[in-house]
Amino acid sequence: MPTPTKGPRLGGGPAHERLILANLAASLFEHKRITTTETKAKRLRPYAERLITFAKRGDLASRRRVLGLISNKSIVHELFTDIAEAVEKRDGGYTRITKIGNRKGDNAPMAVIELVLEPVSPKQAVVAEAESAKSASAAKPAKVVETEVAEEAPVEAAEATEDAPKYAGSHAVLEDVNEAPEGFEIKGNEDSMKYHVPGSRWYDKTVAEVWFATAEDAKAAGFVPAGGEDAQEEGEEEAAK
């Protein structure tokens, strides 16, 4: 028997809770992102990711198992074709939760849960390549060349690395993380690999981990616009006004 979930149920009973989670998952797969309470988003995340795991298998038994929970065949078809293909190279973490503050009226904490459909970021590819190179170098001892030039080279390389920016067209955060460097007003978040332009929806609530001069520089570094291109274009128009 699976261990029951701790805490109060979302509905009046177990059957009601299963229907709530199934309907939330169907809406998430259909619209790719939904806004709900923080509690429902946290309960939906493992439920939806488990269904995506079944979709990645792609066999008939997995499809029938998902159809037993979500009765809409068009949504299940989209899950097994488009969504499963988009997350094929991901080993997990198919959803992302972003807190957006409390709801007016009952002051309930709200959140946006969305599918992570963008390709694996260049940062993750670089990390994987570095780990493979490290394991290969550990298996084979490095050859030491004792020359005067070899002794001076690491110092010059370290100085060049400190002066160079992490990404092209970027600037490191200042002591005051909320203060934008001159000419660099676009916030970048390295955890989600998304950028925010001034005036966009989550710009003021986002803590910058790197600053960019233009949106093109952020895209070139592997960052994607938070909320999509339309949300960031609206932010740029409001900042221009």
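None of the values given here were measured: they were computed from a predicted structure.

**Topic: the sheet that holds strand S2 (residues 95-102)**
Consideration 1: Reading across the sheet, the three strands line up as S1-S3-S2 and stay open at both edges, with antiparallel pairing between neighbours. Only two strands of the sheet have a single partner each, and these edge strands are strand S1 (33-37) and S2. Strand-to-strand twist of the sheet, defined as the mean angle between neighbouring strand axes without regard to direction, takes the value 25°.
Consideration 2: Along the sheet, helix H1 (residues 14-31) makes contact with S1, S2 and strand S3 (109-115), crossing S1 at roughly 145°.

**Notes on the sheet that holds strand S5 (residues 186-189)**
Consideration 1: Spatially, the five strands line up as an open sheet ordered S4-S7-S5-S6-S8, and their pairing is mixed. Whereas interior strands pair on both sides, the edge strands pair on one side only; in this sheet they are strand S4 (170-171) and strand S8 (224-225).

**Things to note about the packing of helix H2 (residues 38-57) against helix H4 (residues 73-86)**
Consideration 1: Across the interface, H2 lies against H4 with an axial gap of 9 Å and an inter-helix angle of 90°. As far as their axial angle goes, H4 and H2 are roughly perpendicular. Contacts between H2 and H4 involve Leu51, Ile52, Phe54, Ala55 and Lys56 from the former and Leu79, Phe80 and Ala84 from the latter.

**A few points about the confidence of the model for the protein**
Consideration 1: When the pLDDT values of the protein are averaged, the result is 80; 79% of them are 70 or greater.
Consideration 2: In this model residues 157-162 is a low-confidence stretch, pLDDT under 50, and it forms zero contacts with partners more than four residues away in sequence or in other chains.

**With respect to the pairing of S2**
Consideration 1: Here S2 pairs with S3 via seven bridges, running antiparallel. Bridge assignment links Gly101 to a residue of S3, and that residue is Met110.
Consideration 2: Linking two consecutive strands that pair antiparallel, namely S2 and S3, is a turn of six residues; a positive phi of about 110° is found at Gly105 within it.

**Re the packing of aromatic side chains**
Consideration 1: As enumerated under the stated definition, the model contains one aromatic pair in all.
Consideration 2: Taken together, a centroid distance of 5.1 Å and an interplanar angle of 65° make the contact between Phe212 and Phe223 edge-to-face. Remark: Phe223 occurs in the loop between helix H7 (215-220) and S8 and Phe212 occurs in strand S7 (residues 210-212); sequence separation between them is 11 residues. In this structure, Phe212 and Phe223 share a single accessibility class: buried.
Consideration 3: The ring of Phe80 has Arg63 sitting right over it, with the charged end atom 4.5 Å from the ring centre.

**Describing the side chain of Ser62**
Consideration 1: Along the chain, Ser62 turns up in helix H3 (residues 60-67).
Consideration 2: For Ser62, a relative accessible area of 4% translates into the label buried.
Consideration 3: Beyond its immediate sequence surroundings of up to four residues, Ser62 is in contact with Phe54, Arg57 and Phe80.

**Some details on the pattern of salt bridges**
Consideration 1: Tallied over the full model, the rule gives 10 salt bridges.
Consideration 2: For Lys32, the salt bridge is made with Glu78, and the minimal N-O distance between the two is 2.5 Å. Note that Lys32 is positioned in the loop between H1 and S1 and Glu78 in helix H4, a separation of 46 residues in sequence.
Consideration 3: Close ionic contact of Glu114 with Arg33 constitutes a salt bridge, the shortest N to O distance being 3.5 Å. You can see Glu114 sitting in strand S3 and its partner Arg33 sitting in strand S1, a full 81 residues away along the chain.
Consideration 4: Given the relative accessible area of 9%, Glu114 is considered buried.

About the cut-offs
Residues numbered from 1 in each chain as written. Predicted model: local features only at pLDDT ≥ 70, side-chain atom pairs only at ≥ 80, totals over all residues. Heavy atoms only, no water. Pairing = 2+ DSSP bridges. Helix = DSSP H or I, 4+ residues; strand = E, 2+ residues; numbered from the N terminus. Axes fitted to C-alpha atoms, helices over the stretch in contact; angles between N-to-C directions. Contact = heavy atoms within 4.5 Å. Parallel < 35°, antiparallel > 145°, perpendicular 65-115°, else oblique. pLDDT = per-residue confidence, 0-100. Phe/Tyr/Trp six-rings, centres within 6.5 Å; stacked < 30°, edge-to-face > 60°. Buried < 20%, exposed > 50% of the residue type's maximum accessible area, 1.4 Å probe, protein only. Lys NZ or Arg CZ within 6 Å of the ring centre and 35° of its normal. Salt bridge = Lys/Arg side-chain N within 4 Å of Asp/Glu carboxyl O.

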